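These are the residues of each chain, in order.
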Amino acid sequence: MRNSADGNSFRRWHEAGNEFMPPADVQIITSGGQSIPAHSAVLASASPVLEKMLYRCRISLNSQRIIHIKGVPYDAVSAFIQFFYSSSSALSSREGEEAMEKYGMHLLVLSHAYQVKWLKRRCEGGVAARLRVEVVVDVLKLAKLCDAPRLYQRCMRLVAKDFASVIQSEGWCFIRRHDPLLEKEILHFIEDADQRKKRWMREMADQEMYQQLSEAMECLQHICTVGCTVVGPHDGEPPSRSKGPCSFRTCEGLQLLIRHFATCGKKLSPGGCIHCKRMWQLFQLHSSICDQSDSCKVPLCKQFKSKMQLDGKVDKTWRLLVKKVVTATLMSSLAKRKRPEEIQKEWLRYRGTK
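All values reported here derive from a predicted model rather than from experimental measurement.

Got a minute to help me understand the nonpolar core in this structure?
Across soluble globular proteins, you tend to see nonpolar side chains buried next to one another. In this structure, Ile28, Leu43, Phe80, Ile81, Phe84, Leu151 and Ile186 are the most contacted members of the largest nonpolar core, which totals 57 residues. In terms of residue count, helix α4 (residues 74-84) provides more of this core than any other element does, 7 residues in total. By size, the runner-up hydrophobic cluster in this structure holds 32 residues, among which are Leu213, Leu254, Cys264 and Val325.

Here you go:
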């Protein structure tokens, strides 16, 4: 079993520089034949893989206890072992940052191979923070091999963001020749990302349209009820211009459209006038969302309501449009509500005047 208590003791002795620290009982042999002394308790407490290797050495009565870690530079292995003797916060130190800068990918491979989970998470984040277009394809392959999903997603997003530069890299040339499955996977991700972006842009454009229609409905109610600048309420004179500019962005354009509709002789002709047709649609949309029965002052509201009741059925597309506009109106009204801190200030002001 792993002796985590002994491992913590060795860490404390190492960090304190205790001269009575027990001698190393394990030699780690790296590429080139160089060795790194270590303590079996520290290695076993840090990695279940190393623990099993040490156990096999013990049952085989191997007094030397030698572990081989090949294929990785000596300095990378040395940094890997040094992290076992320090706390996880050591990665945030200057030495830890330098080790991550130089050997981040090697440390990721080692922490994955020897199942050092806390170090693997830190390496995954450290490599992701230092991603460059020139090596992103290589890091992507490594992320797949080391089962590092967060790093994989980060690489894919960078590839999609700057694909024109990625295809000039050596890593991309390599996978085109030797790894067509990864090439296909990247191209599918880019295509999906492009489709998501287009879908998002369409949704944003639709939301803007629904918001504009919602404001147009409010503005139409405003014009026909209290009047504004050049167009007055249906049963009175328009207010004076001295009131200042209207708060509705669409008010001026809607007033011009109403004035044109009132005087145009083509609004009832079969071909119709495109401006009048637009006004007809606005009147119909208003009647679909209006909850006033006989008191509404918007022209044709009652007539359109009666027509819809006689027809019985409403087109699904039109019903969806009405629903979206009502939702946009609701969201707009919620956004205009006062924030909790403003309500608190007004409450304190109210209590202060009592």
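Would you take a moment to explain unusual backbone geometry for this structure?
What is expected of a backbone is that most residues other than glycine have negative phi and most peptide bonds are trans. Positive phi values are uncommon outside glycine, yet glutamine 115 reaches one of about 55°. Mapped onto the elements of the fold, glutamine 115 is located in the loop between α5 (94-113) and α6 (117-129). Look at glutamine 115 and you get partly exposed, because its relative accessible area is 45%. If you check the backbone angles, aspartate 147 has positive phi at about 50° while not being a glycine. Looking at the secondary structure, you find aspartate 147 in the loop between α7 (136-145) and α8 (149-161).

When you look at the pattern of salt bridges in this model, what are you seeing that I'm missing?
The full count for this structure, using the stated rule, is 9 salt bridges. Residues glutamate 185 and lysine 144 are paired through a salt bridge, measuring 3.3 Å at the closest nitrogen-oxygen approach. One end of the pair, glutamate 185, is in helix α11 (residues 180-225); the other, lysine 144, is in helix α7, with 41 residues separating them in the sequence. Look at the salt bridges and you will find they share partners, linking Glu97, Glu101 and Arg130 into a network.

Conventions adopted
- Residues numbered from 1 in each chain as written.
- Predicted model: local features only at pLDDT ≥ 70, side-chain atom pairs only at ≥ 80, totals over all residues.
- Heavy atoms only, no water.
- Core = buried A, V, L, I, M, F, W, Y, C linked by side-chain atoms within 4.5 Å.
- Buried < 20%, exposed > 50% of the residue type's maximum accessible area, 1.4 Å probe, protein only.
- Helix = DSSP H or I, 4+ residues; strand = E, 2+ residues; numbered from the N terminus.
- Salt bridge = Lys/Arg side-chain N within 4 Å of Asp/Glu carboxyl O.

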